[in-house]
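Below, each chain spelled out in residue letters.
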Amino acid sequence: MADDVDETVATDASGDASGETVPEDEDPAGSSTFFLQGGTTLFGNVFGKAIKFGFFLAATRLTTQSTFGVYTLAISIVMFSQSFSNINLNRAVDYFIPQHLADNDHDGANQVFWNVIGITVPSTVVVLGVVLLFSDRISALFGESALSAIMPYVALLVLLVALNRILFATFNSIKKMHYRVLTKNLTQPILMLGSVVVFLSLGFSLHGLMLAHLLGVLGSVLLGLWLLYRKVNWISWPTYNRDSISSLVSYSLPLAFAGVIYATVAQIDYFVIGYFHPAADVASYRVAYLLATNILIVHTAIKPIFKPMIAEKQHDGNARRERYQLIVRWVTMLTFPAVVTLLVLPGQYLSLFFSAKYAVAAPALVLLVVGQFLNISVGPSGRFIESIGRTRITFLNTVVLVSLNSILDFALVPTFGIVGAATATATSLTFLAVLTATEIRVFEGFVPVDRSLVKLWLSGLLTLISGYFIVQIVGRRIETALIAPVAVLALYFILLVVFDSFTAEDRRAVNQIDDRLGYKVFSRII
């Protein structure tokens, strides 16, 4: 490794990324670490999504719906193939490394990292070869001959995405969210946007989309490897240990099957729509799904730091419960405004971002937003189940999810098109939320949601009802869509204050954050 290592990984359970720690009795729920590291990731997510939106704006406006639909199918094939390539070992990284670091066992953490790399790269190369070998048959399956010509891009992306996932999981494990932001949320989308504008302007069309995506992921991988080499002092030359590999595989094997199945869930809507309907419908569903997932921005900001902070508390059930319920509460509170905004003006936002031809996806957008929100309203339940070592339950949950989603897709998509696909996904996600919440109650003895959420939901539902009637009065115009986010946020916050929705734990958490920042910012707001 480099000699000029300038950072040391903090190993205290309640420490932050800088190596400073907060005494356990002052921060039992790890709130300051959650919020500071989650805040870093949230900033990255917002910036990254804004830049990536620029990529999709260019892609949808400078190419035809059919071309964008083929690109969407190609990326779906990448994500589906990648799930076979690494048996989901990246999900073991942020389970085992935090535990080794909590015990100050840097050699064990180093072994985990290199064992994952040593298994992932050869298996990914095999999958890459299979994709190239069967490229013509894959193209014929979807009736899109253009797919065959871009399969080399797809194959390379399979390898690069696998490496990226390992790097991101490593950054999660060491609580260095700013490294994750630099690679995933800054480098990758900026390179994708800059490249796609150039390539599409030069007339490369589908090849331009794929090459831009490839360059973005490649830049992210190279920067991530450089950051590990220069900044993480416990990664040294590769070491292998049979017992360590056995533990990794034992933990990851159920997740491997779950990953393959979940990849099917994540992409099955596109595959079924592409099979029964033209590529233009795939494109419409893609932008609806893309817009719907924006409500997950807070959830996805917290999730990377959540799993290692639960994993390091294997013998402290109270700490796990406190940390979990804290996250459920704040994710729900911060997500409601985005949900309300999209539900009251779905068609207007599709037109505003992607042009009027995509407004037909408004009903699908509404269904997807509702399904996604109900799913995250019980918090990162799947990650929690993984973090307590019950990966077989994760596998079984994924089997249930894919079975339900597949049955509903094949039943609804032929007749109802993208609305049927959205209904299938929303129903499956809602069922999964109920299932995982029940499992946590059985395994851990607590319910993810508590009574403190009642006021949050009441404020959110009243904001939705008010927003709906206001829109009926002022009209569904683009101008309304521009001011709606601010108006919804203001109304929701007023209702939170009126109902006295903030708890003593909320105030204690924001006071700790303000103390770390040195300014009274958040405590004044609530």
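Residues numbered from 1 in each chain as written. Predicted model: local features only at pLDDT ≥ 70, side-chain atom pairs only at ≥ 80, totals over all residues. Heavy atoms only, no water.

Our next topic: the packing of aromatic side chains. Across all of its chains, the model carries 15 aromatic pairs by this definition. Relative to Phe 56, the ring of Phe 55 has its centre 5.4 Å away and its plane inclined at 85°; by these criteria the two rings are edge-to-face. Side by side, Phe 55 and Phe 56 carry an identical accessibility label, which is buried. With a centroid separation of 5.9 Å and 35° between ring planes, the pair formed by Phe 68 and Tyr 71 is classed as tilted. In this pair, Phe 68 and Tyr 71 are both assigned in helix 2 (residues 65-85), three residues apart and thus about one turn of the helix distant. Tyr 71 shares its class with Phe 68; the two are buried. An aromatic cluster is present here, built from Phe 55, Phe 56, Phe 68 and Tyr 71 joined pairwise through their rings. (Phe/Tyr/Trp six-rings, centres within 6.5 Å; stacked < 30°, edge-to-face > 60°. Buried < 20%, exposed > 50% of the residue type's maximum accessible area, 1.4 Å probe, protein only. Helix = DSSP H or I, 4+ residues; strand = E, 2+ residues; numbered from the N terminus.)

In an α-helix there are 3.6 residues to a turn, and that puts residues three or four apart on one side. Between its first and last C-alpha atoms helix 15 (residues 362-376) spans 21 Å; for 15 residues at 1.5 Å apiece the expected length is 21 Å, and the two agree. Restricting attention to buried positions, one finds in helix 15 the residues Ala 362, Ala 364, Leu 365, Leu 368, Val 369, Gly 371, Gln 372, Phe 373, Asn 375 and Ile 376. (Expected span 1.5 Å × (residues − 1).)

Right, let's talk about the packing of helix 7 (residues 151-173) against helix 8 (residues 177-201) for a bit. Between helix 7 and helix 8, the least distance of the axes is 7 Å, while the angle of their chain directions is 145°. Facing helix 7, whose interface residues are Asn 164, Phe 168, Phe 171 and Asn 172, helix 8 presents Met 177, Tyr 179, Arg 180, Thr 183, Lys 184 and Gln 188. Here the contact of helix 7 with helix 8 is built from residues that sort into four nonpolar, four polar and two charged. (Axes fitted to C-alpha atoms, helices over the stretch in contact; angles between N-to-C directions. Contact = heavy atoms within 4.5 Å. Nonpolar A, V, L, I, M, F, W, Y, C, P; charged D, E, K, R; others polar.)

Time to look at the side chain of His 299. Along the polypeptide, His 299 turns up in helix 12 (residues 297-311). You can call His 299 buried: its relative accessible area is 9%. When near neighbours in sequence (up to four residues on either side) are disregarded, His 299 contacts Val 331, Ile 376, Gly 379 and Pro 380.

What follows concerns the layout of surface pockets. Rolled over the atoms, a probe sized like a water molecule indicates the empty space that remains. The space that makes up the second largest pocket amounts to roughly 310 Å³. Breaking the lining of the second largest pocket down by element, the ones donating at least two residues are helix 2, helix 4 (106-133), helix 5 (135-142) and helix 10 (242-276). Residue composition of the lining of the second largest pocket, grouped by class: 14 nonpolar, one polar and no charged. (1 Å grid on protein atoms, 1.4 Å probe; cavity = no way out; pocket = protein on both sides within 12 Å on 5 of 7 lines; lining within 4 Å. Points joined across faces, edges and corners; volume = space filled by probe spheres on them.)

What follows deals with a nonpolar patch on the surface. Taken together, Leu 458, Leu 462, Ile 465, Tyr 468 and Phe 469 make up a surface patch of nonpolar side chains, about 460 Å² in accessible area. Mapped onto the secondary structure, Ile 465 falls in helix 18 (residues 453-474). (Patch = residues over 30% accessible without salt bridge, like charges linked within 9 Å, V, L, I, M, F, W, Y side chains within 5 Å. Areas by Shrake-Rupley, 256 points an atom, 1.4 Å probe, with all protein chains shown as cover. Salt bridge = Lys/Arg side-chain N within 4 Å of Asp/Glu carboxyl O.)

Turning to the environment of Leu 160, a few remarks are in order. As for its placement among the helices and strands, Leu 160 is situated in helix 7. Separated by 59 residues in sequence, Leu 160 and Gly 219 place their C-alpha atoms 9.8 Å apart.

With that out of the way, let us pick up the packing of helix 14 (residues 346-354) against helix 15. Two elements in contact, helix 14 and helix 15, have axes separated by 8 Å at closest approach and are oriented at 110°. Put simply, helix 14 runs roughly perpendicular to helix 15. In this structure, helix 14 crosses over helix 15, and the sense of that crossing is right-handed. Taken together, the residues of helix 15 that come into contact with helix 14 (itself represented by Pro 346, Gly 347 and Leu 350) are Ala 362, Leu 365 and Val 366. (Parallel < 35°, antiparallel > 145°, perpendicular 65-115°, else oblique. Left-handed = near helix turned anticlockwise from the far one by under 90°.)

All right, on to the side chain of Gln 372 then. Tracing the backbone shows Gln 372 in helix 15. Taking the relative accessible area as the measure of exposure, Gln 372 reaches 6% and is therefore buried. Those residues within four positions of Gln 372 in sequence are excluded, and the remaining contacts are Tyr 289, Thr 293, Ile 295, Leu 296 and Leu 429.

Structural measurements only, silent on function.
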